[in-house]
Every structure is written in C-alpha cells, then in structure tokens.
Amino acid sequence: MNFRARAFSLEEEGRLRKLTTIRMIVATLVVGAAIMVLQHDDKIMSVVALYGVLGVHFISTGIVCLGFRVGFMSFGKLLWTEILTDILILTLIIHCMGGSSSYFTILYVLPILVGGIYFQLTGGIVTALLATSVYIVYSSLELRGILPSSTHEMMVAQQDIYRPLLKGYIHMVVFTLTGVMSGFVSRHIQSKGLELADRERELRRMRLSTDSIIHNLNSGLIVTDMEGRVLTVNPAARSLLGIGFGTTLKGKTISDMR
C-alpha cells in the first residue's frame, strides 16, 4: 500500500524534499564552520559535542523522512517538527560556541525564515516567538549560573543586569521582523501564483471556447499567422478544399494547400 501517495500531494513531496536537502547542507556547513573555529582554539570537548549535534541532526532528519515515507504525520506537522528540531540544534551549537554571546545566535533566523515561507505570516511570527523564548530561557539559565558562561560575560552581567535584557530585546525585534517580512513575502508570492493560475485557467477556457466556435462554423475558416503559416483549419474548410481530416495542415502555407 502506498501511504505516501495518500498522505501527500506531489507539490508537498517536492517542498519537503527541497527543505530537507537544504537543511542538511546548511547544518553541515554551519557545524563544520563551528568545528574549525573550535579546533583553532583547541577546544576538543566542544568539537566532540558538535559532532554529536550533527549526528542528532542527521538522525532527526531520518526520522522526519521515515514519517514522510510511512505517512503517519501530516505535512504541516512534519514541517513544524523540522523547525523545532532546528531551533534546539541551533541552541546546542550556540552553547558549544560561547553561549548567548556567540555570534552564532543570528542563525536563529534560518528556522524563522522557513516558518514564514511555508506558513506565511502566522508561521513566521510563531517561529520568531519560539526562537526568542528559547534564547531568553537559555540566557536566563546562563545568567543564573545553571549553564556555564564565559568569565567576561558573567562579570558584565553582575555589573549591568540590564545588558542581558537589552540583548534579549534586540534578538526579539530582529527575529520578529524576520518572521513578519518572510511571512509577507511568502503571502505575496502565493497570491501572485494563485492570480497567475487563475489567468491561465481563464485563457485555457477562452481558447477552448474559441476552438469550439471555429470547429462548429458552417463556413470554411482558415486561420494563419503573420507569415501565412496555417494555425487552424475547421472541418467546413477541409470539406470545401477536399482535404481529408487525417492530413496535417498546421505549419503549412496557403500555397502548399493548393
């Protein structure tokens, strides 16, 4: 029994395959860059942890692909599973790369973009709130000493308690703007696609109506292009010219029909 054909359309299948491929490429590049940075700093334990993070990412991707093959989850649930997994994996990468002060925090915009592109404005905002919440919780645990942090960051936090709040606010603004903009762009592209599809359907309908009128005319009619090549010959014209219906006339000139 083909569960996949029943659970997913061809369009959804293509979208999920594309997203999964992009996720694996981006994750490999990001984790590879982080590993090179840590190897330069001789942080072997963090390097090992990042290899583990990459392994978790591949395993999660395999689980999502299995869910896709079997069809036990809807298309939307599979996408949200990938988005949530990416947020958690990015948090682990950030933890290995220096905590909340790491420049890798900007990578939270990647799952936010995915949420906005696939689920439009609602998805972008929800993903932005999820990423912001995870970042704020992580920063709070770091500030309380539950999670390890660099000595410099701890000294700054003790001297200025508002700095972590400012960082959280800035991240929230950036993440929210990313989600809103990606959602609006996705909605605009989708609306233009639907408008184009409607116009194509209307053109097909008009073409079918025109062909039907030409075909049922009692008078002979030959339609040519600007260069005199035949485009359409209705049955009445074939009968008047004594040309059988099996003879192909399209593309020929009027002189060829004599």
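Here, the structure is the one placed above.
About the thresholds
- Residues numbered from 1 in each chain as written.
- Predicted model: local features only at pLDDT ≥ 70, side-chain atom pairs only at ≥ 80, totals over all residues.
- Heavy atoms only, no water.
- Axes fitted to C-alpha atoms, helices over the stretch in contact; angles between N-to-C directions.
- Helix = DSSP H or I, 4+ residues; strand = E, 2+ residues; numbered from the N terminus.
- Left-handed = near helix turned anticlockwise from the far one by under 90°.
- Contact = heavy atoms within 4.5 Å.
- Nonpolar A, V, L, I, M, F, W, Y, C, P; charged D, E, K, R; others polar.
- Patch = residues over 30% accessible without salt bridge, like charges linked within 9 Å, V, L, I, M, F, W, Y side chains within 5 Å.
- Areas by Shrake-Rupley, 256 points an atom, 1.4 Å probe, with all protein chains shown as cover.
- Salt bridge = Lys/Arg side-chain N within 4 Å of Asp/Glu carboxyl O.
- Buried < 20%, exposed > 50% of the residue type's maximum accessible area, 1.4 Å probe, protein only.
- 1 Å grid on protein atoms, 1.4 Å probe; cavity = no way out; pocket = protein on both sides within 12 Å on 5 of 7 lines; lining within 4 Å.
- Points joined across faces, edges and corners; volume = space filled by probe spheres on them.
- Core = buried A, V, L, I, M, F, W, Y, C linked by side-chain atoms within 4.5 Å.
- Phe/Tyr/Trp six-rings, centres within 6.5 Å; stacked < 30°, edge-to-face > 60°.

1. Observations concerning the packing of helix H4 (residues 75–96) against helix H5 (residues 109–143)
Logical step 1: Contact geometry for H4 and H5: axes closest at 10 Å, N-to-C directions at 35 degrees. The hand of the H4/H5 crossing is right-handed. Listed contacts from H5 to Gly76, Leu79, Trp80, Ile83, Leu84, Asp86, Ile87, Leu90, Thr91 and His95 of H4 are Pro111, Val114, Gly115, Tyr118, Phe119, Gly123, Val126, Thr127, Leu130, Ala131, Val134 and Tyr138.
Logical step 2: Across the contact of H4 with H5, the residue classes tally to 15 nonpolar, six polar and one charged.

2. Comments concerning a nonpolar patch on the surface
Logical step 1: Together, Ile106, Leu166, Tyr169, Ile170, Met172, Val173, Val174, Leu177 and Met181 make up an exposed nonpolar region whose accessible area comes to about 810 Å².
Logical step 2: With respect to the helices and strands, the residue Ile106 is situated in the loop between H4 and H5.
Logical step 3: The partly exposed category is assigned to Ile106, whose relative accessible area is 46%.

3. Side note on the layout of surface pockets
Logical step 1: For the largest pocket, the calculated volume is near 690 Å³.
Logical step 2: In terms of lining, the largest pocket is formed by 25 residues, of which the most central are Leu19, Leu113, Val114, Ile117 and Tyr118.
Logical step 3: When contributions to the lining of the largest pocket are tallied by element, the ones reaching two or more residues are helix H2 (10–40), H4, H5 and helix H7 (162–215).
Logical step 4: A total of 10 residues in the lining of the largest pocket trace back to one element, the largest contributor, which is H2.

4. Looking at the nonpolar core
Logical step 1: With 34 residues, the main nonpolar core has Leu50, Ile93, Met97, Phe104, Tyr108 and Phe175 as its most contacted residues.
Logical step 2: Listing elements by their share of this core, those giving two or more residues are H2, helix H3 (44–70), H4 and H5.
Logical step 3: Among the elements that make up this core, the one with the highest residue count is H4 (10 residues).

5. Some words on the packing of aromatic side chains
Logical step 1: According to the stated counting rule, one finds two aromatic pairs in the structure shown.
Logical step 2: Summarising the aromatic geometry, the rings of Trp80 and Phe119 are spaced 4.8 Å apart at their centres and angled 15 degrees between planes, so their arrangement reads as stacked. One end of the pair, Trp80, is in helix H4; the other, Phe119, is in helix H5, with 39 residues separating them in the sequence.
Logical step 3: Residue class for Phe119 comes out partly exposed when judged on its relative accessible area of 24%.
Logical step 4: Residues Tyr108 and Phe175 carry aromatic rings whose centres are separated by 5.6 Å and whose planes lie at 70 degrees to one another, so their mutual orientation is edge-to-face. Placement of Tyr108 in the loop between H4 and H5 and of Phe175 in helix H7 is noted, with a sequence separation of 67 residues between them. Across this residue pair, the class does not change: Tyr108 and Phe175 are buried.

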